[in-house]
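Results of the structural survey
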Amino acid sequence: MMTKNKLIEILKSLNIPVNEGIQNDKDANIYPRIVFWDYLWDPILASGEEYDTNVTYQVSLFSRKPPHESEIKKLKKTLKENGLNPYIEHEYIQDKRYFHSFFKIEVVENLND
């Protein structure tokens, strides 16, 4: 199982802007860029007590290049090297003229601190 720190390390290995939660205003018009956020917390229980949480994130990569030419291919390869093979979706945002590639990924986090 992947940790959040490992996920961030992988995302930052692309050497493009990466923001968690919301997009940084200074990066809003930079392509490519990544924004990721959590949307599901699933507690891991032992003896009735929560000791960790499976957290599901959406990872979005925005690029001016189509997916077969963009950084999403490098990201896919790096994830695969780490034992992860997410289902990646793509869409073209015509009025803004960019491609949006996105997937979900589950990591283990300690949210009890």
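Our subject is the structure that appears above.
I will try to describe carefully the structure that is included in this document. (Residues numbered from 1 in each chain as written. Predicted model: local features only at pLDDT ≥ 70, side-chain atom pairs only at ≥ 80, totals over all residues. Heavy atoms only, no water.)

Our next topic: the overall build of the protein chain. Scanning the protein chain for helices and strands turns up 2 helices and 6 strands. Put simply, the protein chain runs from its N terminus to its C terminus through helices and strands in the order β-α-β-β-β-α-β-β. Considering only C-alpha atoms, the protein chain reaches an extent of 50 × 30 × 20 Å along its principal axes. Counting over 113 residues, the protein chain shows a buried share of 43%. A total accessible area of about 7200 Å² is found for the protein chain, and carbon and sulfur atoms account for 48% of it. For the protein chain, the distance from the average site of its 15 positive side-chain charges to the average site of its 18 negative ones is 12 Å. (Helix = DSSP H or I, 4+ residues; strand = E, 2+ residues; numbered from the N terminus. Buried < 20%, exposed > 50% of the residue type's maximum accessible area, 1.4 Å probe, protein only. Areas by Shrake-Rupley, 256 points an atom, 1.4 Å probe, with all protein chains shown as cover. Lys, Arg positive; Asp, Glu negative; His and termini not counted. Charge placed at Lys NZ, Arg CZ, Asp CG, Glu CD.)

The next point concerns the side chain of threonine 56. Residue position: threonine 56 is located in strand β4 (residues 49-63). We classify threonine 56 as buried; its relative accessible area is 6%. Discounting residues that sit within four places of it in the chain, threonine 56 has contacts with Trp37, Asp38, Tyr39, Leu40, Lys104, Ile105 and Glu106. (Contact = heavy atoms within 4.5 Å.)

Let's shift gears to the pairing of strand β6 (residues 98-109). The buried fraction of β6 amounts to 9 of the 12 residues, a majority that puts the element mostly inside the structure. Sheet analysis places strand β1 (residues 2-3) next to β6, joined by 2 bridges and oriented parallel. If you follow methionine 2 over to β6, its bridge partner there is valine 107. Two elements, strand β5 (residues 89-93) and β6, share 5 bridges in a ladder whose sense is antiparallel. Bridged to glutamate 91 within β6 is histidine 100. If you look at the hairpin formed by β5 and β6, you'll find 4 residues sitting between the two strands, and arginine 97 has a positive phi there, around 60°. (Pairing = 2+ DSSP bridges.)

As a rule of thumb, soluble globular proteins bury nonpolar side chains together. By size, the foremost hydrophobic cluster in this structure holds 21 residues, and its most contacted members are Leu11, Ile34, Leu75, Phe103 and Ile105. At the level of elements, α1 (4-12), β3 (33-46), β4, α2 (72-81) and β6 are the ones that each hand at least two residues to this core. Examining the composition of this core, we find that 4 residues originate from one element, β4, more than from any other. Here leucine 75 is in contact with Ile10, Leu11, Leu14, Ile34 and Phe103, once residues within four sequence places are set aside. (Core = buried A, V, L, I, M, F, W, Y, C linked by side-chain atoms within 4.5 Å.)

Without other data, these values stay purely geometric and don't point to any function.
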